[in-house]
Amino acid sequence: MDEQHQGRPIADSRVTLSKIMTAVDVNLYGTVHGGVLMKFVDDVAGAAAARHSGGTAVTAAIDEIVFIEPVRVGDLVHAYAQVNWTGNSSMEVGVKLAAERWDEVGGTPIPVATAYLVFVAVDVAGKPRSVPPVVLTDPDDKRRFKEALIRRDHRLARRAAIQRARAEQ
Ligand SMILES: CC(C)(COP(=O)(O)OP(=O)(O)OC[C@H]1O[C@@H](n2cnc3c(N)ncnc32)[C@H](O)[C@@H]1OP(=O)(O)O)[C@@H](O)C(=O)NCCC(=O)NCCS
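The name that an unreviewed UniProt entry assigns to the chain is Acyl-CoA thioesterase, with the source organism given as Actinoplanes oblitus.

A. Spotlight on helix H2 (residues 34-53). Between its first and last C-alpha atoms H2 spans 28 Å; for 20 residues at 1.5 Å apiece the expected length is 28 Å, and the two agree. Every buried residue belonging to H2 is among Val36, Leu37, Phe40, Val41, Val44, Ala45, Gly46, Ala48, Ala49, His52 and Ser53, and all of these are buried. Note on H2: the residue one or two positions beyond its end, glycine 54, has a positive phi of about 70°.

B. Molecular detail of the site of the ligand. Taken together, 14 residues form the shell around the ligand, and within it Thr59, Asn88, Ser89, Ser90 and Val120 come nearest. At 2.8 Å, a backbone N or O of asparagine 88 approaches an oxygen atom of the ligand. Within the side chain of serine 89, a nitrogen or oxygen atom sits 2.7 Å from an oxygen atom of the ligand. Within the complex, 50% of the 940 Å² of free accessible area of the ligand lies under protein. At the level of secondary structure, the elements contributing two or more residues to the shell around the ligand comprise strand S3 (57-67), strand S6 (110-121) and helix H3 (139-168). Among the elements that take part in the shell around the ligand, S3 stands out by supplying 4 residues, more than any other. For the shell around the ligand, a count of residues per class yields 7 nonpolar, 5 polar and 2 charged.

Cut-offs and rules
Residues numbered from 1 in each chain as written. Predicted model: local features only at pLDDT ≥ 70, side-chain atom pairs only at ≥ 80, totals over all residues. Heavy atoms only, no water. Helix = DSSP H or I, 4+ residues; strand = E, 2+ residues; numbered from the N terminus. Expected span 1.5 Å × (residues − 1). Buried < 20%, exposed > 50% of the residue type's maximum accessible area, 1.4 Å probe, protein only. Near = heavy atom within 4 Å. Polar contact = N/O pair within 3.5 Å; in protein donor to acceptor, adjacent residues only side chain to side chain. Areas by Shrake-Rupley, 256 points an atom, 1.4 Å probe, with all protein chains shown as cover. Nonpolar A, V, L, I, M, F, W, Y, C, P; charged D, E, K, R; others polar.

See the structure below:
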């Protein structure tokens, strides 16, 4: 059986990008703008989705993004992404951002943000195409897969509830 049907290990999708934050990345308060970090999150998640699906994948939704600590100019920010869950053509990608403070040499990178995004693999016409299922090997991957299902169930339930509420108006 080929990989498309058999599945692809989660480790194959893992991507790390690193970037130094500069003066053009700041907000009015002098820390790094949330939008700059969101673009970074989307970039690394897109790379993980492309790796898993073996081609183009577009951002369909951002389920959740949490900013834990401010990021400062000069910080070296690492973005880690992997595919957590797959449907037919959609994938949930989990992203973690961690910052090394420019003035704390040798310190452990501190978590600054987490995010979960849904990507859809598309063909040349922009139509959804199927993706290989994820192969779950270690306990953390199994936990992330289960948590992704919870987020998907909540997303679908929320959408249905909003549609019902609108229909009642
Ligand atoms: C994402 C997109 C390809 C989906 O196309 P579509 O014709 O609506 O697709 P379908 O309804 O057939 O759904 C296809 C899959 O996408 C998923 N999907 C579609 N919209 C979604 C949403 N808002 N949130 C989560 N998943 C979504 C469906 O659940 C389905 O998943 P499955 O195949 O794993 O079961 C299309 O809406 C699109 O091109 N959006 C714009 C993407 C974009 O420009 N992103 C920013 C730049 S990358």
